[in-house]
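# Structural features, examined
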Amino acid sequence: MSKPSVTGTGEARHRDAERFEWRQYVVYGGFVLVFLVFSAALFQSGFLTANNLLNIVRQTSTITVVAVAMTFVIASGEIDLSVGALAGLASVTTAMAIAQFGVLAGIAAGLLTGLVVGLANGILVTRAGIPSFLVTLGMMGITTGVAMWITGTAPVPIERESFNNVFGSGNLGPIPSLFLWTLLSLAVGHVALRKIPYGRKILATGGNPIAASFTGVDTARTKLLALAICGVVAALGGMLYAGRLHSGRFQWGQGDELSVIAAVILGGTSLSGGVGSVVGAVVGSLLIGLINNGLLLMGLEYSQQLIVRGAIIILAVALARRNASA
Amino acid sequence: MGALGSTVSLRGIGKSFNGVRVLEGIDLDLFPGEVHALVGGNGAGKTTLMKILEGVYAPDEGGVFFDGERVALGSASQARARGMAMIFQEFSLVPTLTVAQNIFLTREARGRFGLLDDRACERRAEALFRELGVDIDPRRPVGSLSAGEKQLTEVAKALSQNARALIMDEPTASLTKSETEALFTIVAQLKERGIAIVYISHRMEEIFAVSDRVTVLRDGRVVASGEAGSLSMEEMIELIVGRRMEHSFQWQPRSVERSGVPLLEISGAVAGERVKGVSLKVHRGEVIGLVGLMGSGRSELLQAIFGVRPLTAGAIRIGGVPVKIRRPSDAIRAGIALIPEDRRVQGLVMGHSLRDNFLLPLLDRFTRYGFIDDRLGRRKAQEAVRTMDIRTDSLAKIVRLLSGGNQQKVVIAKWLAAGPDILLMDEPTAGVDIGAKTEIIAVIRKLSRDEGKAILLVSSELPELLAVSDRVALLRGGRIEREVDRSAIESEAMLHRLIQGN
Ligand SMILES: Nc1ncnc2c1ncn2[C@@H]1O[C@H](COP(=O)(O)OP(=O)(O)OP(=O)(O)O)[C@@H](O)[C@H]1O
Ligand SMILES: [Mg+2]
């Protein structure tokens, strides 16, 4: 005879009700924890100075901005691996157009690059029915290739202060412009996901595409729009690189797709779709930035940084998962 | 402990979810060779109780006894080892695997070198289906089956496990009458083999037809338990809903004005494999019962009208005006709503809240300056919960955690709130309790009579279909073979013969 146990699967199902909250709390908890640990351990190295903290926000701004758009793509049940490469291409087309026709033309060229690539991704995924993983993987190669080809792999300098100020190194009063871009994307993204019909359609599409379409959601259009917007925002990310580094180059943003996806998942968005949080993605991105900065201040070598950062991300996601399904 | 000679006994079972009491002090005994019917309203706790028996949930208090011996709680593998099998209300089949692979999942036949032998599984599955008297190809992927065929696959799967006790949670919710009869024959066979059976259903006739013993649950407590013959149908219904209720499945003759332009006119509609040239007119205020054998294309026709699988030929006119419906959003704009057959797959985003599901078709309407008006949404959802009597502890409850019937009510509620002119209903009362069924019938009558809506109804529950239809259209071979005025149908048996084609 055994005593009644309280650890059946029943308890697991029971906790299911709190799943949404749980996944998101982990990133906030992790953020606070890492912040406190670094504050104590790295006080001497100047971790807590306003300058350093602003620096973290500045350095993560491109990841943050793109992570906001990626949240929509992932929450709709798709993925976009081409964002990093696309940022590089957009930085190049922007720089080239600025040199030829001026700043406004440069901005237009960058955004247009993003729109074209994003639409191509979206059309191939929703009309041709090719999985987004493959489409955007292929697109990653294509965009990098194009960027290298049209520049002969050389950087294209940007000599317009106005552009560099707005998109990178400038300040508005005491506030760095990159900080403002982060805030802007957070506000727009959060409102779009939570407060307008499109956001709900994204979540419904990712949660159950069949039921969503039976309920009148045009799931193909919803996904197409998400991928197109993600392309445009990735291009904006590339322009932020261009502004900060005063040039366009195919390497800007390379490999960022992984940080972006990590930030989104850390933030509580479900990789299988249906659940998403923009606030979480932004905090996730800041958490990654925090870790990068702290490890640097600790004096770790780049190789060591990579290892520790990878381990922390896996741990955080594992915690979020365990709480989600335990 | 437990009753003498019982296969399984439950004693003093209690269970709460998130502090909400779902079951309290439940005793239940299952005897070999006996069908024990478990009845009660939506959310009464039937499925939860069975999941405790099956070891999916551990109860907060009480004990489970197999052959008089106390067993560990909340262990599904132990329950299975003791010979418990359950046909879940929500299907537990893998859609990408074949029927045979599903039936023998983890118990596959092994061939040479210990490799899986699909052929052997298929042969055994075929034999099982022959016993059941149904015709399903074991090689088909489960995802391509209709809801009814999935249910039969579940039955076959449970049978293949040589269970000593079998729980059937609303097994006939999506079966046709003849399939239901085939199932009853199987149940009788199982009884003879000494298997203890729990039979859960909201269909009173079935309860009286198959059960030896009945237990009535209300709000998580046993309100009556005894021999099947000891209760009349009226008494049982009163025990279930907790108040006297007249049984309003009576048809109320009336005439529909059919001279004007029909509200919905379909001509020569071709779509998919099963709709091969359907022509049909539905007038304002008219309810048409669409009948046919399983696989006759009833659901497909409704889905074609709704734009899920757009017409490849033919035309749809609404109020005499031709409309192009390429996707559901076109249909919704044209004032059409579809309550689909499979609430889990087609009706609901199971991982989202009741409120979000309810609001999904209404999103574009519940906005102010482009932003969702959450207050209005919440108020409407609250209203719907009240009028449909949806049992939930909050609007934020994830619909997967609602009871099956309450999920169905959410689907109905969201479409009624959309205020369509033309309502396509595919098995709208599947899994819905007797009180709510009466309510839905009243709603259908009100929509057609007082509000002039056109309704196309598919239901395998013939009494219900006969209660509200003005005309019955018979679908066979992808076409409307006959249309019969309701007044010309004298009995359920006559309609049944019409469907069978003799
Ligand atoms: N895992 C869970 N978490 C929270 N609440 C739950 C859970 N499972 C069931 N419930 C709640 O318990 C109550 C009883 O549900 P149950 O599924 O047992 O009802 P039922 O009698 O089978 O109803 P139906 O006839 O509609 O199938 C419902 O209110 C339901 O919302
Ligand atoms: Mg149930």
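Residues numbered from 1 in each chain as written. Chains lettered and ligands numbered in written order. Predicted model: local features only at pLDDT ≥ 70, side-chain atom pairs only at ≥ 80, totals over all residues. Heavy atoms only, no water.

### Quick notes on the overall build of chain B
Note the threshold: By definition, any uninterrupted DSSP run of H or I lasting at least four residues is a helix, any uninterrupted run of E lasting at least two residues is a strand, and each is numbered from the N terminus. For this measure, only C-alpha atoms enter the radius of gyration; the expected value for a globule follows 2.2 Å times N^0.38, where N is the number of residues. The rule is simple: take the accessible area with a 1.4 Å probe, protein chains only, and divide by the maximum for that residue type; under 20% is buried, over 50% is exposed, in between is partly exposed. Whether two residues are in contact is decided by their heavy atoms: any pair within 4.5 Å suffices. Charge assignment: positive for Lys and Arg, negative for Asp and Glu; neither His nor the chain ends contribute. Taken as the charge centre is NZ of Lys, CZ of Arg, CG of Asp or CD of Glu, depending on the residue.
Assigned secondary structure in chain B consists of 17 helices and 22 strands. In summary, chain B has a C-alpha radius of gyration of 23 Å against a globular reference of 23 Å for 502 residues, a match within 12%. Dimensions of chain B along its principal axes, counting C-alpha atoms only, are 70 × 55 × 50 Å. Residues classed as buried in chain B amount to 58% of the 502 residues present. Taking contacts inside chain B between residues at least 6 apart in sequence as the whole, the part at least 24 apart equals 67%. Within chain B, one finds 68 positive and 64 negative side-chain charges whose respective centroids are separated by 4 Å.

### Things to note about the overall build of chain A
What counts here: In short, Shrake-Rupley with a 1.4 Å probe defines the accessible areas, and a residue's cover is counted only from the protein chains shown.
Of the regular secondary structure elements, chain A holds 14 helices and four strands. Here the C-alpha radius of gyration of chain A, 21 Å, is about what a compact globule of 326 residues would show, namely 20 Å. Each principal axis of the C-alpha distribution contributes one length, and for chain A these read about 85 × 55 × 35 Å. Expressed as a percentage of its 326 residues, the buried residues of chain A come to 53%. Across chain A, every contact between residues at least 6 apart in sequence was considered, and the portion connecting residues at least 24 apart equals 76%. Of the roughly 13,900 Å² of accessible surface on chain A, a fraction of 69% belongs to carbon and sulfur atoms.

### As for the packing of helix α8 (residues 177–195) of chain A against helix α13 (residues 278–297) of chain A
Residue and element names in this part refer to chain A. Put simply, the test is: Angles here are taken between N-to-C directions and fall from 0 to 180 degrees, while the axes themselves are lines fitted to C-alpha atoms, restricted in helices to the stretch in contact. Residue polarity is assigned by list, with Asp, Glu, Lys and Arg as charged and Ala, Val, Leu, Ile, Met, Phe, Trp, Tyr, Cys and Pro as nonpolar; anything else, Gly included, falls into the polar class.
One can describe the packing of α8 onto α13 by two numbers: an axis separation of 8 Å at closest approach and a directional angle of 145 degrees. Contacts from L186, G189, H190 and L193 in α8 reach V278, V279 and V282 in α13. Class assignment of the residues belonging to the contact of α8 with α13 gives a composition of five nonpolar, two polar and no charged.

### A look at the site of ligand 1
Residues and elements named next belong to chain B. Quick reminder of the rule: Here a residue is near a molecule or strand as soon as one of its heavy atoms is found within 4 Å of it. Any N or O atom pair separated by 3.5 Å or less is treated as a polar contact, with the protein-specific requirement of one donor-capable and one acceptor-capable atom, and with residues adjacent in sequence counted only for side-chain atom pairs.
Among the 20 residues in the neighbourhood of ligand 1, the closest are listed as K46, T47, T48, S403 and G405. Between ligand 1 and the protein, one listed contact pairs an oxygen atom with a side-chain N or O atom of N42 at 2.8 Å. Take G405: an N or O atom from its main chain is 2.7 Å from an oxygen atom of ligand 1. Coverage of ligand 1 by the protein chains reaches 94% of its 640 Å² of free accessible surface. Broken down by secondary-structure element, the contributors of at least two residues to the shell around ligand 1 are α1 (46–53) and α14 (404–417).

### Remarks on the environment of V223 of chain B
Residues and elements named next belong to chain B. Locating V223 in the fold gives a position in strand β10 (residues 221–227). Here the alpha-carbon distance between V223 and G242, two residues 19 residues apart in the chain, equals 9.6 Å. Those residues in contact with V223 that sit more than four places away from it in its chain are V216, R218 and L239.

### Some points on the pattern of salt bridges
Residues and elements named next belong to chain B. In plain terms, the rule: Salt bridge, as used here: a side-chain nitrogen of Lys or Arg that lies within 4 Å of a carboxyl oxygen of Asp or Glu.
All told, the structure shown has 37 salt bridges over all chains when counted by the stated rule. As a salt-bridge pair, E24 and R21 come within 3.5 Å of each other at their nearest N and O atoms. For E24, a relative accessible area of 30% puts it in the partly exposed group. Of the residues examined, R21 reaches a relative accessible area of 37% and is grouped as partly exposed. R391 is the salt-bridge partner of D219, the closest N and O atoms lying 3.1 Å from each other. With D219 in the loop between β9 (213–218) and β10 and R391 in the loop between α13 (374–387) and α14, the pair connects residues that are 172 residues apart, well separated along the chain. On the accessibility criterion, D219 (51% relative accessible area) is exposed. The class of R391 is partly exposed, set by a relative accessible area of 40%. It is possible to trace a salt-bridge network through shared partners that takes in R258, E286, R471, E483 and D485.

### Structural notes on helix α15 (residues 434–449) of chain B
Note the following rule: One fewer than the residue count of a helix, multiplied by 1.5 Å, yields its expected span.
With 16 residues, α15 of chain B should reach 22 Å at 1.5 Å per residue; the first-to-last C-alpha distance of 22 Å fits that figure. If you check the start of α15 of chain B, you find a side-chain oxygen 3.1 Å away from the backbone N of G435 of chain B, and it comes from D433 of chain B.

### Some words on the packing of aromatic side chains
Residue and element names in this part refer to chain A. The criterion, for reference: Aromatic rings from Phe, Tyr and Trp, with only the six-membered ring used for Trp, were paired whenever their centres fell within 6.5 Å, and each pair was classed as stacked if the ring planes differed by under 30 degrees, edge-to-face if by over 60, and tilted otherwise.
For the structure shown, the criterion picks out nine aromatic pairs over all chains. Centre to centre, the rings of F167 and W181 are 5.4 Å apart; their planes meet at 15 degrees, and the pair counts as stacked. Taken together, the residues span a long stretch of sequence, with F167 in helix α7 (residues 161–169) and W181 in helix α8 at a distance of 14 residues. Each member of the pair F167 and W181 is classed as buried.

### Quick word on the interface of chain A and chain B
Rules: Accessible area that two parts lose when put together, with a 1.4 Å probe and added across both, is what the buried area reports.
Taken together, the contact pairs 36 residues of chain A with 47 residues of chain B. Buried surface at the junction of chain A and chain B, summed over both partners, amounts to about 3,200 Å²; 58% is from carbon and sulfur atoms. At the junction of chain A and chain B, the tally comes to five salt bridges. Note that D374 of chain B is salt-bridged to K195 of chain A, the shortest N-O span being 3.8 Å. Here chain A and chain B share nine residue pairs in polar contact (both at pLDDT 80 or more) between them. Those elements that place two or more of their residues in the side of chain A that touches chain B are α1 (9–15), α2 (19–41), α8, α9 (197–207) and α10 (209–214) of chain A. In terms of residue count, the dominant contributor to the side of chain A that touches chain B is α9 of chain A (six residues). Residue composition of the side of chain A that touches chain B, grouped by class: 14 nonpolar, 12 polar and 10 charged.

### Here we look at unusual backbone geometry
One can expect most non-glycine residues to show negative phi and most peptide bonds to be in trans. All names here are of chain B. If you check the backbone angles, N18 has positive phi at about 45 degrees while not being a glycine. With respect to the helices and strands, N18 occurs in the loop between β1 (8–17) and β2 (20–30). We note that E427 has phi near 50 degrees; this positive angle belongs to a residue other than glycine. Counting through the fold element by element, E427 comes out in the loop between β19 (422–426) and α15.

### Examining the confidence of the model for chain A
Worth spelling out the cut-off: Note on scores: pLDDT gives the predictor's confidence for each residue, bounded by 0 and 100.
For chain A, mean pLDDT is 88; residues scoring 70 or higher make up 90% of the total. Scored below 50 in pLDDT, residues 1–20 of chain A makes 40 contacts in the model with residues more than four places away or belonging to other chains.

### Re the pairing of strand β3 (residues 35–40) of chain B
Residues and elements named next belong to chain B. How we decide: Here, a strand pair is defined by DSSP locating no fewer than two bridges between the strands.
Of all six residues making up β3, six are buried, and the element is well covered by its neighbours. The alternating pattern of β3 places V35, A37 and V39 on one face and H36, L38 and G40 on the opposite face, and all of these are buried. Pairing of β3 with strand β8 (residues 196–200), which is carried by four bridges, proceeds in the parallel orientation. Along β8, the bridge assignment pairs V35 with I197. In terms of strand pairing, β3 meets β9 through five bridges, oriented parallel. The residue of β9 that forms the bridge with A37 is V214.

### Topic: the sheet that holds strand β22 (residues 479–485) of chain B
Note: strands within a sheet are paired through backbone hydrogen bonds, in either parallel or antiparallel orientation. Residues and elements named next belong to chain B. Sheet architecture is open: six strands sit in the order β16-β19-β20-β13-β21-β22, paired in mixed fashion. At either margin of the open sheet sits one strand with a lone partner, and together these are β16 (336–339) and β22. Each neighbouring strand pair of the sheet contributes to a mean axis angle of 20 degrees, computed without reference to strand direction. The sheet contact formed by strand β21 (residues 471–476) and β22 spans six bridges and is antiparallel. Along β22, the bridge assignment pairs L475 with I480. Docked against the sheet, α14 engages β16 and β19, running at close to 180 degrees with respect to β16. Here helix α17 (residues 492–500) sits on the sheet in contact with β13 (287–291), β21 and β22, set at roughly 30 degrees to β21.

### As for the sheet that holds strand β15 (residues 321–323) of chain B
All names here are of chain B. The strand order β12-β11-β14-β15 describes an open sheet built from four strands, whose pairing is antiparallel. Edge positions in the open sheet fall to β12 (275–282) and β15, since each of these has one partner strand only. The mean angle between the axes of side-by-side strands here comes to 25 degrees, regardless of whether they run parallel or antiparallel. Pairing geometry for strand β11 (residues 264–271) and strand β14 (residues 313–318), over five bridges, is antiparallel. Considered in β14, the bridge of E265 is made with R317.

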